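Survey of secondary and tertiary structure
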Amino acid sequence: MQIIDRKPVYSATDLVGFLACNHLTDLERARQLGLVRKPQRKDPELEIIIKRGFEHEREYIGQLRAQGRTVHDVSRERPEEMERGAFYREQAQATREAIGRGDDVVYPACFFDGTWLGFADFLLRVEDPAAPLGWSYEVADTKLARSVKAGALLQICVYNEMLSEIQGVFPEHMHVALGGVDKETQTFRTADFRAYVRAVRRRFLEHVAGPGPVYPPPSPSYPEPGEHCGVCSWDEICRKQRRGDDHLSLVADMGARTRASLGE
């Protein structure tokens, strides 16, 4: 979550985080209001993963070029003196212009409509005589995982919504270029996920439009431990709260269902 031009701006990552833990969303809202400072998480393993992610991205570019495709890089660094809002609008405009030109592969794509901000790894041109432009684009994202996770598809679905507003037609497919030895690319029908994504976005927007977050606790939500904690910057604060509350999650081998049955 960001504040741009005095307005809250959301991303696909915020949506994925909300599904994983709504307390994470409440903490991010509290940060926006200056009620809490977000910890700077230093994780050497995470830094290695990020580096490998960039390498995987470059390998996928190599695959595309080996297929005879031309990759048009529309990225640029933000000058220090340039406001984030102006920079995102400029990057989004560069993406729209590339789509309008019919560039073969657009890398990376930026979408910004004043409320949602998204960065897709690649847009792949598809010949589509029935589309308003005579062609259309489909999103391809690179992921180091060996299998496709729900969060990855949710992210791409958010990009699809913004892409469709630009090109006048909804993408038929979306693609995930996986890591591992095989470097397999899996393709999915976007129509299979549209209704679910609309429902998730509605729930998210209703949540962030609700009463303002309370910090320090008690707050409307609680930092229940989960899988997302392993990569979350707020993990340190949540652990501290659970220790202070002597939370049942600190009891060895006690799962969420057991805690729920005991009234936690």
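Coordinates for the structure precede this section.
We now turn to the structure provided with this report. (Residues numbered from 1 in each chain as written. Predicted model: local features only at pLDDT ≥ 70, side-chain atom pairs only at ≥ 80, totals over all residues. Heavy atoms only, no water.)

Details of the layout of surface pockets
- Taken as a whole, the second largest pocket holds about 180 Å³ of empty space.
- Along the walls of the second largest pocket sit 17 residues, with Cys21, Glu224, Gly226, His228 and Cys229 positioned nearest its centre.
- Mapped onto the lining of the second largest pocket, the elements with two or more residues apiece are helix 2 (22-32) and helix 7 (235-244).
- Within the lining of the second largest pocket, the residues separate by chemical class into 10 nonpolar, 3 polar and 4 charged. (1 Å grid on protein atoms, 1.4 Å probe; cavity = no way out; pocket = protein on both sides within 12 Å on 5 of 7 lines; lining within 4 Å. Points joined across faces, edges and corners; volume = space filled by probe spheres on them. Helix = DSSP H or I, 4+ residues; strand = E, 2+ residues; numbered from the N terminus. Nonpolar A, V, L, I, M, F, W, Y, C, P; charged D, E, K, R; others polar.)

Remarks on the packing of helix 1 (residues 12-20) against helix 6 (residues 194-208)
- At a minimum axis distance of 10 Å, the contact between helix 1 and helix 6 shows a crossing angle of 85°. Regarding the angle of helix 1 to helix 6, the classification is roughly perpendicular. Counting all contacts with helix 1, which are made through Asp14, Leu15, Phe18 and Leu19, the residues of helix 6 involved are Tyr196, Val200, Arg201, Arg203, Phe204 and His207.
- Grouping the amino acids of the contact of helix 1 with helix 6 by side-chain chemistry returns 6 nonpolar, 1 polar and 3 charged. (Axes fitted to C-alpha atoms, helices over the stretch in contact; angles between N-to-C directions. Parallel < 35°, antiparallel > 145°, perpendicular 65-115°, else oblique. Contact = heavy atoms within 4.5 Å.)

Digging into the sheet that holds strand 5 (residues 109-112)
- On the basis of which strands lie adjacent, the open sheet formed by 4 strands has the order 1-2-6-5 and mixed pairing. Strand pairing shows two members of the sheet lacking a second neighbour, strand 1 (2-4) and strand 5, which therefore form its edges. Mean inter-strand twist for the sheet, computed between neighbouring axes without regard to direction, equals 30°.
- Here 2 bridges tie strand 2 (residues 7-11) to strand 6 (residues 116-120), and the two strands are oriented parallel to one another. Directly across from Tyr10, in strand 6, lies its bridge partner Trp116.
- Helix-sheet contacts for helix 1 involve strand 2 and strand 6, and the interaxial angle to strand 2 is about 75°.
- Most of the contacts of helix 5 (residues 150-167) go to strand 6, to which it runs at about 100°, and overall it touches strand 5 and strand 6. (Pairing = 2+ DSSP bridges.)

Digging into the packing of helix 2 against helix 6
- For the pair helix 2 and helix 6, interaxial distance at closest approach is 11 Å and the crossing angle is 45°. Here helix 2 is positioned oblique relative to helix 6, judged by the angle of their axes. For the crossing formed where helix 2 meets helix 6, the hand is right-handed. Within the contact between the two elements, helix 2 uses Asn22, Thr25, Asp26 and Arg29 and helix 6 uses Phe204, His207 and Val208. (Left-handed = near helix turned anticlockwise from the far one by under 90°.)

Digging into the pairing of strand 8 (residues 135-142)
- Among the 8 residues that make up strand 8, 8 are buried, leaving the element largely enclosed by the rest of the structure.
- Neither face of strand 8 is open: one carries Trp135, Tyr137, Val139 and Asp141, the other Ser136, Glu138, Ala140 and Thr142, and all of them are buried.
- Sheet analysis places strand 7 (residues 122-127) next to strand 8, joined by 6 bridges and oriented antiparallel. Across the sheet, residue Leu124 finds its bridge partner in strand 8, namely Glu138.
- As defined by bridge partners, strand 8 adjoins strand 9 (residues 173-177) across 3 bridges and the pair is classed as parallel. Bridging across to strand 9, Thr142 finds its partner in Ala177. (Buried < 20%, exposed > 50% of the residue type's maximum accessible area, 1.4 Å probe, protein only.)

What to know about the state of the cysteines
- Taken as a whole and assessed by the stated rule, the structure comprises 0 disulfides.
- Considering cysteine sulfurs only, Cys157 is the nearest to Cys110, which forms no disulfide, with 19 Å between them.
- Here Cys229 is not cross-linked by a disulfide; its sulfur's nearest cysteine counterpart is in Cys238, at 6.5 Å.
- What makes Cys229 buried here is its relative accessible area of 18%. (Disulfide = S-S within 2.5 Å.)

A closer look at the packing of aromatic side chains
- Counting across every chain of the model gives 11 aromatic pairs.
- A network of ring pairs unites the aromatic residues Tyr10, Phe18, Trp116 and Phe204 as a single cluster.
- Directly above the ring of Phe170 sits Arg194, whose terminal nitrogen or CZ lies 3.7 Å from the centroid.
- If you follow Arg201 out to its NZ or CZ, it ends over the ring of Trp116, 4.5 Å from the centre. (Phe/Tyr/Trp six-rings, centres within 6.5 Å; stacked < 30°, edge-to-face > 60°. Lys NZ or Arg CZ within 6 Å of the ring centre and 35° of its normal.)

Notes on helix 3 (residues 44-66)
- For helix 3, with 23 residues, the first-to-last C-alpha span of 33 Å sits near the 33 Å given by 1.5 Å per residue.
- Among the residues trailing helix 3, Gly68 stands out with phi positive, at a value near 90°. (Expected span 1.5 Å × (residues − 1).)

With respect to the environment of Tyr60
- Turning to its location among the elements, Tyr60 is positioned in helix 3.
- For Tyr60, a relative accessible area of 5% puts it in the buried group.
- Separated by 40 residues in sequence, Tyr60 and Ala20 place their C-alpha atoms 28 Å apart.
- With residues up to four places along the chain from it excluded, the contact list for Tyr60 reads Phe122, Leu124, Ala140, Thr142, Ala177 and Thr185.

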